[in-house]
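Examination of the molecular architecture
Here's the letter readout for the chains.
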Amino acid sequence: MAASEDRTKSVRTYCRICPAGCGMIADVVDGKVVGVRGDKAHPLSYGYLCPKGQASAKAHNSPHRLDRPLMRSGGTLSPASWDDAMDDIGGKLVEIRQASGPDAIGVYFGTAGFFDTGGMFCFPFIGQLGTTSLYTATSVDSPGYQLVAERMSGNHWLLPKPNRDANFVILNGINPIVSHGHNFFMAAPKAQLRKWAARGGLWVIDPRLTESAEIATGHLRPLPGTEYALFGFLIRSLLADGGADVEFLRDFCSNVDSLRDSVAPFDLDAAASITHIEQSEILRLLAGIRQAGRIALQLGTGTSMSKNANVTTWLGWALNAVTGSLDRPGGMWINRGMLQDLAKVGWQPTNTTRPGPKSRPDLPGRAGQMPSGALIDEIEAGNLRALIVVGGNPVIALPDTRRLTAALSKLDLLVVLDVLPTGTTELATHVLPCTGQLERADISMGDIAYTREFAQYAPRVVPPGAERRPTWWILGELGRRLGIEIAPLDPDADEAALFRPLAAAPRFDIAAFDGDTAVSFLEEECSFGWVSRFLPDNRWNLAPEELVEQLKHSTPPGCDPEALLLIPSRQRHKINSTFNDGIADRHGHSLPGLYISERDAARFGLEPGGLAEVASATGKLVVTVHIDRRMGDGCVSIPHGFERANVGHLTSTRINTDPLSGMIEQSGVEVRVRPIGPP
């Protein structure tokens, strides 16, 4: 029995494929991970584990794992030793910095980098290097959110989210059942959505009948990018005809009169005309809000990637404020964080907007980042000569795929740190294999986005395989060659000790964790009422001047009767481009292609399984046709994350880029479709 126990063990950990942080148990036999399952004792996910999480063992054992450093020579990537790869990269970085300055060296910090605690060492690396050329996934899909948060609260990372006990929840452009994390991280989403629906009301506003909408008590299908008119009408009605929380507005909000003037044009006729929603449905939503009193309106990438993202986000926040629902029980809750403890340290109101890159002075920088929409221009202009990609795949994430591919190929140095091959590793000059989530320790750095006051730490389940190294070690070795000291140079260093300074807040002590198991800390009660102490003048600004002015010029997307509107969507069995090989999809549901309603397919002569050309103002794409019962007429979707059907061919950084946030319009894009034959 003792020998068997030595050979077999079950290790508590948590999933880092997405930011929801669901509890997971990894089963290990003879040092090999043979399977994973949900952790029923986990205080956030209660045993839930989505298909992506369930595929963790398959991904860990994938024959496609990056196992050793690769260097390009003669056009081919070939295996190299760590010393040779690091010396080559370090020498070229030194040369580029001396010849062109530190800004010629850029970093693209991707979504997976945020989930890897070792990736956090990227920021001291950037700071000591002295470069301002930081690009992150944040500016790909949600820069307007940070803009609005900063203008209304003084803190660009403030993340209001629906309280778990909210009575009336509205989800706009977000589908938690499929995508568990965008500015709020939701484990076991279906159970929570059902609780909200049973408690009083759950409304989904989305052009698709999403998986979340099927659970909802109400579903509205707006024209993409027009929800600002709906929110404007709701605010106008509540302020003029009753339903507003007068005391909350008086005590905690500024510029209420300016907000009232801004939404004055949005009467019922205007709201219905702009959004294409029936007046009776708009009035039904208004009645539900009035009956509930407090609400919780959450916005997602369907909002932030669309035309009019800034004003829609602003008016969504304002609607929460008008109903007295910001930082209040039954409404929107702001997690103070177990690590950051914002209720103790607070923030000084700031304006982080700064000039953008030299090649795109029309686009702003924000929060220490450059807009990703300028990355191609900076390379083409010769301003950016080297790019280090940490846990990202810009070839899939960014628009202008052909321009981007050509630009990345021209870099003197393209270094990619990743776990599996991607479209970006194919273009790299150097590929550095990172430890996967079961081979590294992690701490939940994004705890302010959780739906509970909660944090967790997990040690390695198994030692790193092959020649893989932790991200922090790779960055430390690169730093050493540049005269920068940011991390230990021993890849077997105690990661708990390494991460301890990141968890220095008194509410969370990493030193108290047992080294053999993942341990969670949970506050049962949510904290309310602390946010106003740190707001500018202790008030929410309900009418930021820039946004008021932008609203005056907001218009719906084009509605050419011969065109359709392209909207983004996510699929349950992959996240971004991770698992686009179908490893988490046993039934083949997550397929690339054009998703279109049956009626629109018939109107344009498209056959299911046939091929269609999809053309926008900036590019064309040939894709397989899928009839989608969820898709409303007038809209189509090509899910992002695929290389063969890369929707980036249809969007561009050169047109429709927002001047306030730098956001590239990726939803509500006009496209034309035509059949071109069988597959």
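Refer to the structure above for everything that follows.
Here is a short report on the structure shown in this document. This structure is a prediction, so every number in the text was calculated from the model and none was measured.

Focus: helix α4 (residues 82-100)
- The end-to-end C-alpha distance of α4, which contains 19 residues, comes to 26 Å, matching closely the 27 Å that a straight helix rising 1.5 Å per residue would cover.
- Of all the positions in α4, only Trp 82, Ala 85, Met 86, Ile 89, Gly 90, Leu 93 and Ile 96 are classed as buried. Looking straight down α4, one finds its buried side chains confined to an arc of 130°; they lie on one side. Pointing more than 90 degrees away from the buried face of α4 are the exposed residues Asp 83, Gln 98 and Ala 99.
- In this structure, the buried side of α4 is in contact with β4 (70-73), β6 (105-109), β15 (386-390), β16 (413-418), β17 (430-433) and α21 (471-481).

Details of the environment of Glu 227
- On the secondary structure map, Glu 227 appears in helix α10 (residues 227-241).
- The class of Glu 227 is buried, set by a relative accessible area of 3%.
- Each C-alpha atom of the pair Glu 227 and Asp 206 lies 9.5 Å from the other, and the pair is 21 residues apart in sequence.
- The residues contacting Glu 227, other than those within four sequence positions of it, are Asn 172, Ile 205, Pro 222 and Thr 312.
- A polar contact of 3.4 Å, which involves the side chain of Glu 227, links it to the backbone nitrogen of Gly 225.

Some details on the sheet that holds β16
- In spatial order, the strands read β5-β4-β17-β16-β15-β6-β7; together these seven strands make up an open sheet with mixed pairing. Two strands close off the open sheet at either side, each with one partner strand: β5 (76-79) and β7 (134-136). Going from strand to strand, the sheet's axes swing by 20° on average, the running direction of each strand aside.
- In this structure, β6 lies alongside β7, joined through three bridges in parallel fashion. Paired with Val 107 across the bridge in β7 is Leu 134.
- Contacting β4, β6, β15, β16 and β17, α4 runs over the sheet at an angle of about 130° to β17.
- Across the face of the sheet, α21 comes into contact with β15, β16 and β17 while running at roughly 155° to β16.

Observations regarding the sheet that holds strand β24 (residues 611-615)
- On the basis of which strands lie adjacent, the closed barrel formed by six strands has the order β22-β26-β23-β25-β24-β27 and mixed pairing. The mean inter-strand angle of the sheet, taken between neighbouring strand axes irrespective of direction, is 45°.
- Across three bridges, the pairing between strand β22 (residues 564-567) and strand β26 (residues 635-637) is parallel. Counterpart to Ile 567 in the pairing with β26 is Ser 637.

A look at unusual backbone geometry
- Although it is not a glycine, Asn 255 adopts a positive phi angle of roughly 60°.
- Looking at the element boundaries, Asn 255 is found in the loop between β12 (253-254) and α12 (256-263).
- We note that Asp 327 has phi near 60°; this positive angle belongs to a residue other than glycine.

A word on the nonpolar core
- Among the nonpolar cores identified, the biggest contains 110 residues, and Leu 259, Trp 314 and Trp 540 are the most heavily contacted of them.
- If one sorts the elements of this core by residue count, α10 sits on top with nine residues.
- Once residues lying within four places of it in the same chain are set aside, the contact partners of Leu 259 are Ile 235, Trp 314, Leu 315, Ala 318, Val 322, Leu 542 and Ala 543.

Here's the deal with the pattern of salt bridges
- In this structure the tally under the stated criterion is 38 salt bridges.
- Notably, a salt bridge pairs Glu 281 with Arg 284, separated by 3.3 Å at the nearest N-O pair. Within this pair, Glu 281 and its partner Arg 284 are both found in helix α14 (residues 279-292), separated by three residues, close to a single helical turn.
- The partly exposed category is assigned to Arg 284, whose relative accessible area is 39%.
- A salt bridge links Asp 442 to Arg 440, with the shortest nitrogen-to-oxygen separation between them at 2.6 Å. Per residue, the accessibility class of Asp 442 equals that of Arg 440, and both read buried.

Focus: the packing of helix α13 (residues 268-275) against α14
- Running from N to C, α13 and α14 point in directions that differ by 115°, and their axes come no closer than 9 Å. α14 is crossed by α13, and the crossing has right-handed handedness. Side by side, α13 and α14 meet where Leu 268, Asp 269, Ala 271, Ala 272 and Thr 275 of the first sit next to Gln 279, Ile 282 and Leu 283 of the second.
- Classifying every residue of the contact of α13 with α14 gives five nonpolar, two polar and one charged.

Brief notes about empty space enclosed by the protein
- What the rule picks out here adds up to four cavities of 30 Å³ or more.
- In this structure, the largest cavity encloses a volume near 110 Å³.
- Surrounding the largest cavity, 13 residues form its lining, Ser 139, Pro 143, Arg 366, Gln 369 and Ser 661 being those nearest its centre.
- Elements supplying a minimum of two residues to the lining of the largest cavity: α7 (138-141) and α8 (143-153).

What to know about the layout of surface pockets
- If you add up the space inside the second largest pocket, you get close to 460 Å³.
- Together, 20 residues line the second largest pocket, and Arg 208, Glu 211, His 589, Tyr 595 and Arg 630 are the ones closest to its centre.
- Looking at the lining of the second largest pocket residue by residue, the classes come out as five nonpolar, nine polar and six charged.

Here we look at the environment of Ala 367
- You can see Ala 367 is positioned in the loop between α17 (342-345) and α18 (375-380).
- Each C-alpha atom, one on Ala 367 and one on Thr 352, is 5.2 Å from the other, the two residues being 15 residues apart in sequence.
- Those residues within four positions of Ala 367 in sequence are excluded, and the remaining contacts are His 156 and Thr 352.

So, the pairing of β24
- With four of five residues buried, β24 lies mostly within the body of the structure.
- Relative to strand β25 (residues 620-627), β24 runs antiparallel, the two being bridged by five bridges. By the bridge assignment for β25, Leu 611 is matched with Thr 624.
- What sits between the antiparallel neighbours β24 and β25 is a turn of four residues.
- Bridge count for β24 against strand β27 (residues 669-677) is five bridges, and the pairing is antiparallel. Bridge pairing in β27 links Leu 611 to Gly 677.

Thresholds applied
Residues numbered from 1 in each chain as written. Predicted model: local features only at pLDDT ≥ 70, side-chain atom pairs only at ≥ 80, totals over all residues. Heavy atoms only, no water. Helix = DSSP H or I, 4+ residues; strand = E, 2+ residues; numbered from the N terminus. Expected span 1.5 Å × (residues − 1). Buried < 20%, exposed > 50% of the residue type's maximum accessible area, 1.4 Å probe, protein only. Arc of directions from axis to C-beta. Contact = heavy atoms within 4.5 Å. Polar contact = N/O pair within 3.5 Å; in protein donor to acceptor, adjacent residues only side chain to side chain. Pairing = 2+ DSSP bridges. Axes fitted to C-alpha atoms, helices over the stretch in contact; angles between N-to-C directions. Core = buried A, V, L, I, M, F, W, Y, C linked by side-chain atoms within 4.5 Å. Salt bridge = Lys/Arg side-chain N within 4 Å of Asp/Glu carboxyl O. Left-handed = near helix turned anticlockwise from the far one by under 90°. Nonpolar A, V, L, I, M, F, W, Y, C, P; charged D, E, K, R; others polar. 1 Å grid on protein atoms, 1.4 Å probe; cavity = no way out; pocket = protein on both sides within 12 Å on 5 of 7 lines; lining within 4 Å. Points joined across faces, edges and corners; volume = space filled by probe spheres on them.

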